[in-house]
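The chain contents come next:
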Amino acid sequence: MTAGVDMRAPLSLLPLRLDQVVFEVGTRRIIDGVSLRLDPGARIVILGPNGAGKSVLLRLCHGLLAPTAGTIAWNAAEVAGGARRQAMVFQRPVLLRRSALGNVAYALKLAGVPREQRRERAVEALRKVGLEGQGRHSARVLSGGEQQRLALARVWALRPEVLFLDEPTASLDPGATHEIENVISALHAAGTTTVMVTHNLGQARRLGDDILFLHQGRLLERTPADRFFKHPSSSEAATFLEGELPW
Ligand SMILES: Nc1ncnc2c1ncn2[C@@H]1O[C@H](COP(=O)(O)OP(=O)(O)OP(=O)(O)O)[C@@H](O)[C@H]1O
Ligand SMILES: [Mg+2]
């Protein structure tokens, strides 16, 4: 039955489908035939050794790189109604030479949010990440952990449908890591689908429903987290979990 459906509501970006995606630089194959489907509400964690291609895979998904072969298809257009619907958080936050508040407000401006709503939403986002006292400080003088929280405040203000995170807590202390994890959980609870790369296995257990294991550019398995940590399907993942480098 279609009666009552609001035809103005933007179509969901998801599912995102990757079909036999390959990324090569010269003769080197960095991503080797990855197929996967990302559904609404998923909480995915990507694990794998250094150089496996995790960051490249996230950048391909986010559209920062184009595949050499294969297809990456969203269910609907990336931008609808002016709103920014997907976002990415990097290990080292990319911030503007503005105040903390200005960084969030500028992201809202780019997303087409009317001027009169920006300040209130930016203040609320800073409060969400515990930076309410630092709104007027230059983003560049914030500590690493505070900068990462600011990057997440920007995401919180935008409430994207999909969020890609590449080692968002790699250089943070346990307290800052915990705070960032809380914000990521809150985003997911508010409806954002998350895909995160991490080397922190505790974090993978806390924030991952499904684990993707990437090895030498190939997706060796996709397994529910509780099963993955007890009985990974691939021998490479078992070796990885034992703390040894897969061959
Ligand atoms: N633009 C590029 N040109 C050439 N080689 C690249 C490019 N981007 C990545 N690579 C190579 O591809 C491989 C995978 O890189 P990637 O950054 O995705 O690894 P990763 O799994 O994220 O590793 P880490 O855990 O160390 O972050 C690496 O060997 C890297 O040197
Ligand atoms: Mg990486």
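The notes below deal with the structure included here.

Definitions and limits used
- The residue numbering used here restarts from 1 in each chain and proceeds along that chain's sequence as written.
- As a convention, the first chain written is A and the first ligand written is 1, with the rest following in written order.
- Reporting of local features is limited, given that this is a predicted model, to residues whose pLDDT is at least 70; pairs of side-chain atoms are given and counted only at 80 or more, and all residues count toward the totals for whole chains, interfaces and linings.
- Only hydrogens and water are removed before side-chain values are computed, so all heavy atoms of the structure are retained for them.
- Helix numbering and strand numbering both begin at the N terminus, where a helix is a DSSP run of H or I of at least 4 residues and a strand a DSSP run of E of at least 2.
- What the globule rule says is 2.2 Å times the number of residues to the power 0.38, and the radius of gyration is computed from C-alpha atoms.
- Each residue's exposure class comes from its accessible area (1.4 Å probe, protein chains only) as a fraction of the maximum for that residue type: buried when under 20%, exposed when over 50%, partly exposed otherwise.
- For salt bridges, the criterion is a side-chain nitrogen of Lys or Arg within 4 Å of an Asp or Glu carboxyl oxygen.
- As a rule, the C-alpha atoms of each element are fitted with a line to give its axis, helices using only the stretch in contact, and angles between N-to-C directions run from 0 to 180 degrees.
- Crossing handedness is read from the near helix: turned anticlockwise from the far helix by less than a right angle, it gives a left-handed crossing, and turned clockwise, a right-handed one.
- Should any heavy atoms of two residues lie within 4.5 Å, those residues are considered in contact.
- The nonpolar class holds Ala, Val, Leu, Ile, Met, Phe, Trp, Tyr, Cys and Pro. Asp, Glu, Lys and Arg form the charged class, and all remaining residues, Gly among them, are polar.
- When DSSP finds two or more bridges between a pair of strands, those strands are recorded as paired.
- Nearness here has a simple test: a residue counts as near a molecule or strand if at least one of its heavy atoms is within 4 Å of that partner.
- Contacts described as polar in this section are N or O atom pairs within 3.5 Å, which, within protein, must combine one atom able to donate a hydrogen with one able to accept it, while residues neighboring in sequence count only if both atoms come from side chains.
- In short, Shrake-Rupley with a 1.4 Å probe defines the accessible areas, and a residue's cover is counted only from the protein chains shown.
- The charged-residue count follows a simple rule in which Lys and Arg add positive charge and Asp and Glu add negative charge, with His and chain termini not counted at all.

Looking at the overall build of the protein
Piece 1. Within the protein, the secondary structure is distributed over 8 helices and 11 strands.
Piece 2. The C-alpha atoms of the protein give 19 Å as radius of gyration, which agrees with the globular expectation for 247 residues (18 Å, within 12%).
Piece 3. Taken along its principal axes, the extent of the C-alpha atoms in the protein is 55 × 50 × 40 Å.
Piece 4. Counting every position in the protein, which comprises 247 residues, the buried fraction comes to 48%.

What about the pattern of salt bridges?
Piece 1. A full pass over the atoms with the stated rule returns 9 salt bridges.
Piece 2. Salt-bridge contacts for Arg43 lead to Asp209; the nearest nitrogen and oxygen are separated by 3.0 Å. With Arg43 in strand 3 (residues 43-47) and Asp209 in the loop between helix 6 (201-207) and strand 10 (210-215), the pair connects residues that are 166 residues apart, well separated along the chain.
Piece 3. The exposure class of Arg43 is buried, given its relative accessible area of 18%.
Piece 4. What you see here is one network of salt bridges that share partners, running through Glu24, Arg29 and Asp32.

As for the packing of helix 2 (residues 100-110) against helix 4 (residues 144-158)
Piece 1. Axis separation between helix 2 and helix 4 bottoms out at 9 Å; the angle between their running directions is 35°. Two packed elements cross with a definite hand, and for helix 2 against helix 4 that hand is right-handed. Residues Ala100, Asn103, Val104, Ala107 and Leu108 of helix 2 lie in contact with helix 4, whose contacting residues are Leu150, Ala153, Arg154, Ala157 and Leu158.
Piece 2. Split into classes, the residues belonging to the contact of helix 2 with helix 4 amount to 8 nonpolar, 1 polar and 1 charged.

A short note on helix 2
Piece 1. Looking at helix 2, one finds that the buried residues are Ala100, Leu101, Gly102, Asn103, Val104, Ala107 and Leu108.
Piece 2. On the buried face of helix 2, the contacting elements are helix 3 (115-128) and helix 4.
Piece 3. Positioned one or two residues after helix 2, Gly112 has a phi angle of 85°, which is positive.

Remarks on the pairing of strand 7 (residues 86-89)
Piece 1. Along strand 7, one buried face is formed by Gln86 and Met88 and the opposite face, lined by Ala87 and Val89, is buried too.
Piece 2. Strand direction decides the pairing type here: strand 7 and strand 8 (residues 162-166), joined by 4 bridges, are parallel. When the sheet's bridge partners are listed, Gln86 is paired in strand 8 with Val162.

Focus on the site of ligand 1
Piece 1. Near ligand 1, the surroundings consist of 13 residues, among which Arg28, Gly51, Lys54, Ser55 and His199 are the closest.
Piece 2. His199 is positioned such that a nitrogen or oxygen atom in its side chain is 2.7 Å from an oxygen atom of ligand 1.
Piece 3. Burial of ligand 1 by the protein amounts to 62% of the accessible area it has alone, namely 640 Å².
Piece 4. For the shell around ligand 1, the elements supplying multiple residues, two or more each, are strand 2 (28-38) and helix 1 (54-62).

Here we look at the sheet that holds strand 1 (residues 16-25)
Piece 1. Read across the sheet, 3 strands follow the order 2-1-4 without closing on themselves; strand pairing throughout is antiparallel. Two strands in the sheet have a free side with no partner beyond their single neighbour: strand 2 and strand 4 (69-74). Averaged over neighbouring strand pairs, the angle between their axes works out to 20° when direction is ignored.
Piece 2. In this structure, strand 1 lies alongside strand 4, joined through 5 bridges in antiparallel fashion. Its bridge partner being in strand 4, Leu18 is matched across the sheet by Ile72.

Re the sheet that holds strand 10
Piece 1. Read from one edge of the open sheet, 6 strands run 7-8-9-3-10-11, paired in mixed fashion. The two strands at the open ends of the sheet, each matched to only one other strand, are strand 7 and strand 11 (218-224). Adjacent strand axes in the sheet meet at a mean angle of 15°, parallel and antiparallel pairs treated alike.
Piece 2. Here strand 3 runs beside strand 10; their pairing, made up of 4 bridges, is parallel. Counterpart to Ile44 in the pairing with strand 10 is Asp210.
Piece 3. Docked against the sheet, helix 4 engages strand 7 and strand 8, running at close to 175° with respect to strand 7.

Comments concerning the side chain of Glu146
Piece 1. Tracing the backbone shows Glu146 in helix 4.
Piece 2. For the buried Glu146, no salt bridge is present, and the opposite-charge side chain at shortest range is Arg149, 4.6 Å distant.
Piece 3. Within polar-contact distance, the side chain of Glu146 engages the backbone nitrogen of Ser143 at 2.9 Å.
Piece 4. Beyond its immediate sequence surroundings of up to four residues, Glu146 is in contact with Leu131 and Gln134.

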